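Residue strings, one per chain:
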Amino acid sequence: MTRLPPAEKLPLALRKNVRDEWTNNQADLEKQLSDLLGTSWTIDINPNAIWPYHNDGYAKESLGSCIKAYVEGAIYQLKYTLGQHDDAYKTEINTICHAHVLTMDLEENSPPRFSYGGCDVQDGKLRILFVVENLGTNLDYCCNQEAMTRALNEAPSDAPMSFIVRCGIRSDYDPKIGEVRTKLAGLLGKSESDVTLTPNFEDVFAKLDAAYKTGKSDVRDDWQRNLANFIFLYFDAMVYQMKYQEVGTDEMVQEGVLEAVSTNEYAFRIVDKLKYESYCEVDIEDGVLYVQTTVDRWGTNIDDCARKLMDRL
């Protein structure tokens, strides 16, 4: 879509609508947004730049009402999404959208990324986006949770892992891994502080990301959403297999594990090639037990990862 020049001047009736419905409410909406995100935000929308795309829709006669509705919809969706997450999610938004500006613009991608509207982050600003043919349609959903997740995940960032993976660590790994460590320590007859579980998130992310971007691997499309949870499941399966193989009840087996895994460190990693199994396996190097798989076998047959533990001792 070729960008149209802003209108030099809006019709009087339209200017009145912009004043009454948008300009007069802008400060209150900025306060709502700032209170919601816990820091000062501004809203920067140029009605004259929006109006040329009005077609015969809502924006043609009620531009101010239309813009207000888009912003109210964004605030509503953000409030709902923040209610589903911890404060770290709010921090992520404020960090990624570092300009702390909400604006509104045309979706210029061809084909459009959205059917009606959506959002993205550009130059640190959170942008409400509309598809040119659908200005004023489905305006409440531009910043819904799915759209925001995509926008924050695709935004430029210096972080070593994507937004989706960072969220997954907080929701799918951190709250649950303590129980796995407790079980593992019990099997080994150790205190929890003596046992280390090393997920190697950043290295796993880098390898999966590189493989996926080639378009030539079998890495599953949902790898980012599942990264943290799958690593948790690999560790959980490892502990289950250790229990099944009587690490906690047979003194000889326990002694063999403690001698082989002398560091009491249990780590996950992705390797170029497996040594013993087809999908996943355990290996012991320098006193560290590694649960390992390849990028193409990532997430497959997780429950069998430590099935041959006894062969490694």
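Novice: How do you make sense of the overall build of the protein when you look at a structure like this?
Specialist: When helices and strands are tallied, the protein shows 11 helices and 8 strands. Seen through its C-alpha atoms, the protein measures out along the principal axes to roughly 90 × 40 × 25 Å. Buried residues in the protein amount to 50% of all 313 residues. Across the protein, the fraction of contacts at a sequence separation of at least 24, relative to all contacts at a separation of at least 6, is 67%.

Novice: When you look at the state of the cysteines in this model, what are you seeing that I'm missing?
Specialist: The term disulfide refers to a covalent linkage connecting the sulfur atoms of a pair of cysteines. This model, assessed by the stated rule, comprises 0 disulfides. Cys 97 forms no disulfide, and the closest cysteine sulfur to it belongs to Cys 119, at a distance of 8.5 Å. For the unlinked cysteine Cys 305, the closest cysteine sulfur is that of Cys 280, found at 5.3 Å.

Novice: Any chance you could explain the sheet that holds strand S7 (residues 280-285) here in plain terms?
Specialist: Through backbone hydrogen bonds, the strands of a sheet pair up, either in parallel or in antiparallel fashion. Spatially, the 4 strands line up as an open sheet ordered S5-S6-S8-S7, and their pairing is mixed. The open sheet has two free edges, formed respectively by strand S5 (196-198) and S7, since each of these has just one partner strand. Each adjacent strand pair in this sheet contributes to an overall mean axis angle of 20 degrees, direction not counted. Relative to strand S8 (residues 288-293), S7 is paired through 6 bridges, and the arrangement is antiparallel. Looking at the pairing, Glu 285 lines up with Val 288 of S8.

Novice: Looking at this model, I keep getting lost on unusual backbone geometry. Mind explaining?
Specialist: Comment: phi is negative for the bulk of residues other than glycine, and the bulk of peptide bonds are trans. Residues Ser 110 and Pro 111 are joined by a peptide bond in cis, for which omega reads 0 degrees. Examined against the element boundaries, Pro 111 turns out to sit in the loop between strand S2 (101-106) and strand S3 (117-122). Residues other than glycine seldom take positive phi values, yet Asn 301 does so here, at roughly 55 degrees. For Asn 301, the location among the structural elements is in the loop between S8 and helix H11 (309-312).

Novice: Looking at this model, I keep getting lost on the side chain of Glu 107. Mind explaining?
Specialist: Relative to the helices and strands, Glu 107 is located in the loop between S2 and S3. One polar contact links the side chain of Glu 107 to the main-chain amide nitrogen of Asn 109, over a distance of 3.5 Å.

Novice: How should I be thinking about the pairing of strand S4 (residues 125-130) in this particular structure?
Specialist: Looking along a regular strand, one sees the side chains alternate between the two faces of the sheet. Burial analysis of S4 places 5 of its 6 residues in the buried class, which makes it a mostly covered element. Two strands pair when backbone bridges link them, and S2 and S4 are joined in this way by 5 bridges, in the parallel orientation. Directly across from Met 104, in S4, lies its bridge partner Ile 128. Across 6 bridges, the pairing between S3 and S4 is antiparallel. Within the sheet, the bridge partner assigned to Val 121 lies in S4 and is Leu 126. Following S3, the chain reverses through 2 residues before pairing antiparallel with S4; Asp 123 in that reversal takes a positive phi of roughly 55 degrees.

Novice: Which parts of the structure should I look at to understand the packing of aromatic side chains?
Specialist: Aromatic ring pairs: the centre-centre distance and the angle between the two ring planes describe each pair. A complete count under the given rule lists 9 aromatic pairs for this structure. A centroid spacing of 6.0 Å and a plane angle of 40 degrees characterise the contact between Tyr 234 and Trp 298, whose relative ring orientation is tilted. Of this pair, Tyr 234 sits in helix H9 (residues 223-244) while Trp 298 sits in the loop between S8 and H11, placing them 64 residues apart in sequence. Comparing Tyr 234 with Trp 298 shows no difference in burial state: the two are buried. In this structure an aromatic cluster arises from ring pairing among Phe 230, Tyr 234, Phe 268 and Trp 298. Between the NZ or CZ atom of Lys 176 and the centre of the ring of Phe 232, over which it lies, the distance is 4.3 Å. In this structure, Arg 269 packs its charged tip against the face of Tyr 290, placed 3.8 Å from the ring centre.

Novice: When you look at the sheet that holds S4 in this model, what are you seeing that I'm missing?
Specialist: Here 4 strands make up an open sheet; going across it, the order is S1-S2-S4-S3 and the pairing mixed. Whereas interior strands pair on both sides, the edge strands pair on one side only; in this sheet they are strand S1 (42-44) and S3. For this sheet the average axis-to-axis angle between neighbouring strands, irrespective of direction, equals 25 degrees. Relative to the sheet, helix H1 (residues 12-37) contacts S1 and S2, its axis offset from that of S1 by approximately 140 degrees.

Novice: Before we go on, may I ask you to explain the packing of helix H4 (residues 63-83) against helix H5 (residues 87-96) in this structure?
Specialist: A pair of packed helices can be characterised by two numbers: the angle between their axes and the separation between those axes. Relative to each other, H4 and H5 sit at 135 degrees, their axes nearing to 8 Å. For the element pair H4 / H5, the angle class is oblique. In this structure, H4 contributes Leu 78, Thr 81 and Leu 82 to the contact, and H5 contributes Tyr 89, Lys 90 and Ile 93. Grouping the amino acids of the contact of H4 with H5 by side-chain chemistry returns 4 nonpolar, 1 polar and 1 charged.

Reading the values: rules and limits
- Residues numbered from 1 in each chain as written.
- Predicted model: local features only at pLDDT ≥ 70, side-chain atom pairs only at ≥ 80, totals over all residues.
- Heavy atoms only, no water.
- Helix = DSSP H or I, 4+ residues; strand = E, 2+ residues; numbered from the N terminus.
- Buried < 20%, exposed > 50% of the residue type's maximum accessible area, 1.4 Å probe, protein only.
- Contact = heavy atoms within 4.5 Å.
- Disulfide = S-S within 2.5 Å.
- Pairing = 2+ DSSP bridges.
- Axes fitted to C-alpha atoms, helices over the stretch in contact; angles between N-to-C directions.
- Polar contact = N/O pair within 3.5 Å; in protein donor to acceptor, adjacent residues only side chain to side chain.
- Phe/Tyr/Trp six-rings, centres within 6.5 Å; stacked < 30°, edge-to-face > 60°.
- Lys NZ or Arg CZ within 6 Å of the ring centre and 35° of its normal.
- Parallel < 35°, antiparallel > 145°, perpendicular 65-115°, else oblique.
- Nonpolar A, V, L, I, M, F, W, Y, C, P; charged D, E, K, R; others polar.

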